[in-house]
Amino acid sequence: MTQSPAGSAKKKLLIVDDEKYITQLLTELLENDYSVETANDGIQAFNKLKNDSFDLMLTDISMPNLDGIELLRLARAQLPDMSVIMMSGLATTENVIDALNLGARHFIRKPFKINDVSEIIKQKMSEGQSSESASEIDVVMTDINYLILSNNYGKMTDVKKILPACTQAYYDILKDARVVKSLMKIKQFDDAIYRHSLDVGIIASIICAFKHVKTALLNAITLGGFLHDIGKINVDYNILNKSEKLTTEEFDQIKLHTFFGHNILLEEGFAEEVAEIAFKHHEKLDGSGYPRGYTEYGIDTASQFIAVCDIYSALTEKRPYRKKLTPQEALELMHKDFVAKINFDVVKLLRLFIEG
Ligand SMILES: [Fe+2]
Ligand SMILES: [Fe+2]
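Residues numbered from 1 in each chain as written. Chains lettered and ligands numbered in written order. Predicted model: local features only at pLDDT ≥ 70, side-chain atom pairs only at ≥ 80, totals over all residues.

1. What about helix 15 (residues 301-315)?
Here comes step 1: The terminal C-alpha atoms of helix 15 lie 22 Å apart, and with 15 residues this matches the ideal 21 Å at 1.5 Å per residue to within 8%.
Here comes step 2: Buried residues dominate helix 15, accounting for 13 of its 15 residues. (Helix = DSSP H or I, 4+ residues; strand = E, 2+ residues; numbered from the N terminus. Expected span 1.5 Å × (residues − 1). Buried ≥ 20, exposed ≤ 12 C-beta atoms within 10 Å, placed from the backbone.)

Here it is, written out as structure tokens:
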């Protein structure tokens, strides 16, 4: 086996791209740290995978003979533990979803800066993710993809344009084992709350990506969406799922999920801004919300943003006490019943995206 200068075995990397200058440049950048092999189409790459084992494969999607998705499918059977990073300039929604379902760990959109790619490879090589957390990430990613395919988040042509940015955000967020652990706790408590939590994060990410919000903010708001209702795991399950009208005492118990969520997230070491979303996503701009009855000035923008996504998600989901609304019905109801209560700049963005 090839040895690094320090004497330890070098990890093996396979770079697959029909554009030779990309494989050459990446090889030059990475060959000091890794044992690098290259292939210029899927068939060549698959032959290498049959005869050798690799720690990571970086592959283009559009290639002659055998494309990156088919290569990934074949590679999975050959080397199930190999990390795979996909890259493409023309990724379709179906491509992205296929790649993710086949266990691709990262998606790079072309054109890219060659140094950024080499950084991502170094990062992925050093992660040493445990197979247990990797499989939980797969569970969450599959659930996210299922929601994207089955829900109406707007015109699919528009969703396709922003999906790579959103997918990248989901992977960046799910790299944090605390996030996956938290989502698994919600899933074990109640699958409907888990799906709603993912839905709110997806809606938030779509609006942010649509508006070309910077990556750090997109990730923070999406994370807030995923975990906004985590406090519900400390509320009586039967009250949460009661189909009859709630008593005042029961509703007071449900309101506590905002306090619980804030505490859980701080205890887990999440940033105050994330915990703040769990605390304030039911506050209303006119002071009629809970738990504190803050007005507009006491509610941070991220919480106002998630409040809109939360209401839209709740209205477009089936609940024990009412049928699910269509996106248009939900938007109309928001305009009718939530005047002066929620941030209509966010509603406007949501409407723009959904109605085109
Ligand atoms: Fe909530
Ligand atoms: Fe919620």
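Now, onward.
2. Here we look at the environment of Val 347
Here comes step 1: Its place among the elements puts Val 347 in helix 17 (residues 344-355).
Here comes step 2: As for Val 347 and Met 334, which are separated by 13 residues in sequence, their C-alpha atoms are 8.2 Å apart.
Here comes step 3: Once you skip the residues sitting within four places of it in the chain, Val 347 turns out to touch Val 308, Met 334 and Ile 342. (Contact = placed C-beta atoms within 7 Å.)

3. Details of the nonpolar core
Here comes step 1: Ile 203, Ala 204, Ile 206, Ile 306 and Tyr 312 are the most contacted members of the largest nonpolar core, which totals 91 residues.
Here comes step 2: Counting residues domain by domain, this core receives three or more from each of domain 1 (1-128) and domain 2 (184-355).
Here comes step 3: Beyond its immediate chain neighbours, meaning those up to four positions away, Ile 203 contacts Tyr 153, Cys 309, Tyr 312 and Ser 313. (Core = buried A, V, L, I, M, F, W, Y, C linked by C-beta atoms within 7 Å. Domains from an automatic or database assignment.)

4. Examining the domain arrangement of the protein chain
Here comes step 1: The assigned domain composition of the protein chain is domain 1 (1-128) and domain 2 (184-355).
Here comes step 2: Averaged C-alpha coordinates put domain 1 and domain 2 at centres separated by 38 Å.

5. Considering the pairing of strand 2 (residues 35-39)
Here comes step 1: One ladder, built from five bridges, connects strand 1 (residues 12-16) with strand 2; its direction is parallel. Looking across to strand 2, one finds that Leu 14 is bridged to Glu 37.
Here comes step 2: For the segment spanning strand 1, helix 1 (residues 20-30) and strand 2, crossover handedness is right-handed. (Pairing = 2+ DSSP bridges. Right-handed = clockwise from strand over helix to strand, strands pointing away.)

6. Observations concerning helix 16 (residues 327-337)
Here comes step 1: Along helix 16, the residues classified as buried are Ala 330, Leu 331 and Met 334. Across the axial projection of helix 16, the buried residues extend over an arc of 100°, all falling on one side. Opposite the packed face of helix 16, turned more than 90 degrees from it, sit the exposed residues Gln 328, His 335, Lys 336 and Asp 337. (Arc of directions from axis to C-beta.)

7. Overview of the sheet that holds strand 2
Here comes step 1: The parallel open sheet is built from five strands, whose spatial order is 2-1-3-4-5. The open sheet has two edge strands, strand 2 and strand 5 (106-109), and neither has a second partner. Strand after strand, the sheet turns through a mean of 15° between neighbouring axes, direction not considered.
Here comes step 2: Bridging between strand 3 (residues 56-60) and strand 4 (residues 83-88) involves five bridges; their strand directions are parallel. Directly across from Thr 59, in strand 4, lies its bridge partner Met 86.
Here comes step 3: The sheet strands contacting helix 3 (residues 68-78) are strand 1, strand 3 and strand 4, and the helix crosses strand 3 at an angle near 155°. (Axes fitted to C-alpha atoms, helices over the stretch in contact; angles between N-to-C directions.)

8. Overview of the packing of helix 15 against helix 17
Here comes step 1: At their nearest, the axes of helix 15 and helix 17 sit 9 Å apart, and the two run at 50° to each other. It follows that helix 15 is oblique to helix 17 by the angle criterion. Read as a crossing pair, helix 15 and helix 17 show a hand that is right-handed. Residues Gln 304, Phe 305, Val 308 and Tyr 312 of helix 15 touch helix 17, and the partners they reach there are Val 346, Val 347 and Leu 350.
Here comes step 2: Of the residues assigned to the contact of helix 15 with helix 17, the class counts are six nonpolar, one polar and no charged. (Parallel < 35°, antiparallel > 145°, perpendicular 65-115°, else oblique. Left-handed = near helix turned anticlockwise from the far one by under 90°. Nonpolar A, V, L, I, M, F, W, Y, C, P; charged D, E, K, R; others polar.)

9. A closer look at unusual backbone geometry
Here comes step 1: Following Tyr 290, the chain continues to Pro 291 via a peptide bond in cis, the omega torsion being 10°.
Here comes step 2: Unlike most non-glycine residues, His 212 shows phi in positive territory, near 55°.
Here comes step 3: Relative to the elements of secondary structure, His 212 occurs in the loop between helix 9 (191-210) and helix 10 (215-227).

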